Every structure is written in C-alpha cells, then in structure tokens.
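Structural features, examined
Now for the letters of each chain:
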Amino acid sequence: MLSDALERSRVLSELDRTLLVEAAAGTGKTSLIAGRVVMLMLYGAPPHSIAAITFTELAASELSLRIRKYATQLLAGEIPKVLRGAVTLELLNERKAVLKSAIGAFDEITVCTIHAFCQQIIMAYAVETGLDPGSRMMDGPAADAMFESVISKWLFERLSLQTREGEDPVAVLSKFEPLKVVKDSFDLAKLKLEHPGAGTVSVDF
Ligand SMILES: Nc1ncnc2c1ncn2[C@@H]1O[C@H](COP(=O)(O)OP(=O)(O)O)[C@@H](O)[C@H]1O
Ligand SMILES: [Mg+2]
C-alpha cells in the first residue's frame, strides 16, 4: 500500500472540494487527475461542465487520452489501477448508464491549456471583443512562418507588377539594392505588426 494512499483516495472521492495536489514527476498526478475527471463523470457531472486545464499541449493531450482510456475501461467492466479503491464493481454496475452517456459526450469535456481555455472564452464573445470569430491562435514558429509567407507573397506580387513598371518605388529600388529592399520590407512589416497604427505622415508638396 502506498504511503499516500489516503491522500490519493481523497482526490478521487472529495469531488465537491477544492484540492491542491503537489508531487514530484512520475508519481501519478496525471493519472490521478484523469481518475478524478472519470469519477466526476461517474457521479453524473455533465461532460460540458468539466474543465481540466494544463500548462502544456502535451500534458493536455496526455490527460485527455488517459481520461478516455479509464472511462472506456470502466465501461468494459475493468477497473483501472488508479481507480481501485474508489470504484467497486457494484458502483460501476449502478452507474454504467451514466458513464455510457458521458462517454458519448466526451468531446464536450474541456481538456486544454490555459491559453486555449482563455481563447475559447474570448471566442465565445467575438462580438464584444471585436475579434474575427474565424481567427485562431498560433504558436511562435507557425506565426513566424505565416508572416514570412505573407510578406514573400506581397513582395513577389509587387515586383511582378507589369502596369506601372518603372514607377513603383519598390520595383525601382529592387533593381539597385534587391537585398536591402527585402530586408527593409520585412523590417517595416514587423514594425507594422507590432504597431498596427503606425503609418507615414502625409507630405504636402
Ligand atoms: N497508483 C498508481 N499505482 C501504480 N502506478 C501508477 C499509479 N499512478 C500512476 N502510475 C503510473 O506511474 C507512471 C507515472 O504516472 P503519471 O500520472 O504520468 O505521473 P505524473 O503526472 O505525476 O508525472 C505512469 O506509468 C502511471 O501509469
Ligand atoms: Mg504528468
């Protein structure tokens, strides 16, 4: 028997209390939290009312997989190790229908990072916040790649303009200092990204 068995069982049974669980890596926190979510489901909490928030995306996907695994095992009549002591076959038989319907609505459980959770809330208020409801979060590298592809496309189109050839300042400068034009375009675009309101002063000739 584990020396902290009592504390572990509290996590699985005191479902209406706020608990702080602190433990070293590899001691079973993720399993226990997944177990707590399954216990909530077993006792009838609607999946849409459950939120399990993590710090990283990896942790969120691990937690989600483990919740699904434990719930599926239970439905098959098998009690996962973490839940032994908290779930008896008797309880399981009595609650099977509830569990089954919870598994059917599994996609309604929120298991995600703090950032994704906040974004979900903000997106639900797209009108109030003035956000494009189709917009989404990107991590750093993905955002950088998208920025580069937009600027490259813009520059390509700008330099391919056939109409006002000889007049376009970007095209004219490119003939003399192509690398500087590329660098300046990127720098200016970055500046504009950081300061969307920035612009040039209009000059009265
Ligand atoms: N009560 C337990 N008894 C035996 N093994 C367990 C128990 N809880 C978790 N484990 C196992 O220990 C390993 C680490 O568990 P995990 O929940 O990922 O820990 P943590 O999130 O604290 O790093 C996993 O392989 C898990 O299956
Ligand atoms: Mg963990």
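Predicted model only: the values in this text are computed from it and were never measured. Residue indices begin from 1 for each chain and proceed along its sequence in written order. As they are written, the chains are lettered A onward and the ligands numbered 1 onward, keeping that order. Restriction of local features to residues with pLDDT of at least 70 applies here, the model being predicted, together with a cutoff of 80 or more for giving and counting side-chain atom pairs; totals for whole chains, interfaces and linings are based on all residues. Note: side-chain values were computed over all heavy atoms of the structure, leaving out hydrogens and water.

The next subject is the overall build of the protein chain. Tallying secondary structure elements over the protein chain gives nine helices and two strands in all. The globule rule puts the C-alpha radius of gyration for 205 residues at 17 Å, and the 27 Å found for the protein chain is more than 25% above it. Relative accessible area decides the class of each residue, using a 1.4 Å probe on protein chains only: under 20% of the type maximum gives buried, over 50% gives exposed, and in between gives partly exposed. Per-residue burial over the protein chain gives 26% buried out of 205 residues. We call two residues in contact whenever any of their non-hydrogen atoms come within 4.5 Å of each other. In the protein chain, 60% of the contacts between residues at least 6 apart in sequence involve partners at least 24 apart. Working note: accessible area of the protein chain is about 14700 Å², and carbon and sulfur atoms make up 60% of it. We score Asp and Glu as negative and Lys and Arg as positive, and we do not count His or the chain ends. The atoms used to mark charge sites are NZ of Lys, CZ of Arg, CG of Asp and CD of Glu. Positive and negative side-chain charges of the protein chain, numbering 22 and 26 respectively, have mean locations separated by a distance of 7 Å. Put simply, DSSP H or I for four residues or longer makes a helix, DSSP E for two residues or longer makes a strand, and each gets a number counted from the N terminus. Computation of the radius of gyration draws on C-alpha atoms, with the globule rule given as 2.2 Å multiplied by the number of residues to the power 0.38. All accessible areas in this document rest on Shrake-Rupley with a 1.4 Å probe, and a residue is counted as covered only by the protein chains that are shown.

Moving on, we get to the site of ligand 1. As a matter of local geometry, ligand 1 sits amid Arg8, Ala24, Ala25, Gly26, Thr27, Gly28, Lys29, Thr30, Ser31, Arg66 and Lys81. Polar contacts, as used here, are pairs of N or O atoms within 3.5 Å; protein pairs need one atom able to donate a hydrogen and one able to accept it. Residues neighboring in sequence count only if both atoms are side-chain atoms. Residue Gly28 places a main-chain N or O atom 3.0 Å away from an oxygen atom belonging to ligand 1. Contacts to ligand 1 include Lys29, whose backbone N or O atom sits 2.8 Å from an oxygen atom. Coverage of ligand 1 by the protein amounts to 62% of the 560 Å² it exposes when considered alone. One heavy atom within 4 Å of a molecule or strand is enough for the residue carrying it to be called near that molecule or strand.

A word on the packing of aromatic side chains. We call Phe, Tyr and Trp rings a pair once their centres come within 6.5 Å, taking the six-membered ring for Trp, and we label the pair stacked below 30 degrees between planes, edge-to-face above 60, and tilted otherwise. By the definition in use, this model includes one aromatic pair. When the centroid spacing of 6.3 Å and the interplanar angle of 70° are considered together, the rings of Phe147 and Phe186 count as edge-to-face. Taken together, the positions of Phe147 in helix H7 (residues 140-160) and Phe186 in helix H9 (residues 178-194) put the pair 39 residues apart, joining distant regions of the chain. Judged by relative accessible area, which is 18%, Phe186 ranks as buried.

Let us now look at the domain arrangement of the protein chain. In this entry, domain limits derive from an automatic or database-based domain assignment. For the protein chain, the domain assignment lists domain 1 (5-129) and domain 2 (140-194). If you average the C-alpha positions of domain 1 and of domain 2, the two centres end up 49 Å apart.

Lines fitted to C-alpha atoms define the axes, with helix axes restricted to the stretch in contact, and inter-axis angles between N-to-C directions lie between 0 and 180 degrees. Two elements in contact, H7 and helix H8 (residues 169-176), have axes separated by 8 Å at closest approach and are oriented at 90°. It follows that H7 is roughly perpendicular to H8 by the angle criterion. Each of Trp154, Leu155, Arg158 and Leu159 in H7 lies in contact with H8, whose residues at this interface are Pro169, Val170, Ala171 and Ser174. Roughly parallel means an angle under 35 degrees; roughly antiparallel means over 145; roughly perpendicular covers 65 to 115; every other angle is labelled oblique.

Turning to the side chain of Arg36, a few remarks are in order. Turning to its location among the elements, Arg36 is positioned in helix H2 (residues 29-42). Of the side chains with opposite charge, Asp16 lies nearest to the buried Arg36, which makes no salt bridge, at 6.9 Å. Ignoring anything within four residues of it in the chain, the contact list for Arg36 reads Arg10, Val11, Leu12, Glu14, Leu15, Arg17 and Leu19. Salt bridge, as used here: a side-chain nitrogen of Lys or Arg that lies within 4 Å of a carboxyl oxygen of Asp or Glu.

The next subject is helix H3 (residues 57-75). The span expected for a helix works out to 1.5 Å for each residue beyond the first. Here H3 contains 19 residues, and its C-alpha end-to-end distance of 27 Å stays within 8% of the 27 Å for a straight helix at 1.5 Å per residue. Looking at H3, one finds that the buried residues are Ala60, Leu63, Ile67, Tyr70, Ala71, Gln73 and Leu74. One side of H3 carries all its buried residues, which in axial view fall inside an arc of 165°. Exposed positions of H3 whose direction lies more than 90 degrees from the buried face are Glu57, Leu58 and Leu65. Turning to H3, the residues buried within the fold contact H2, strand S1 (51-54), helix H4 (89-104) and strand S2 (110-113). Downstream of H3 by a residue or two, Gly77 has a phi angle that is positive, lying close to 85°. What the arc describes is the spread of directions from the helix axis to the C-beta atoms.

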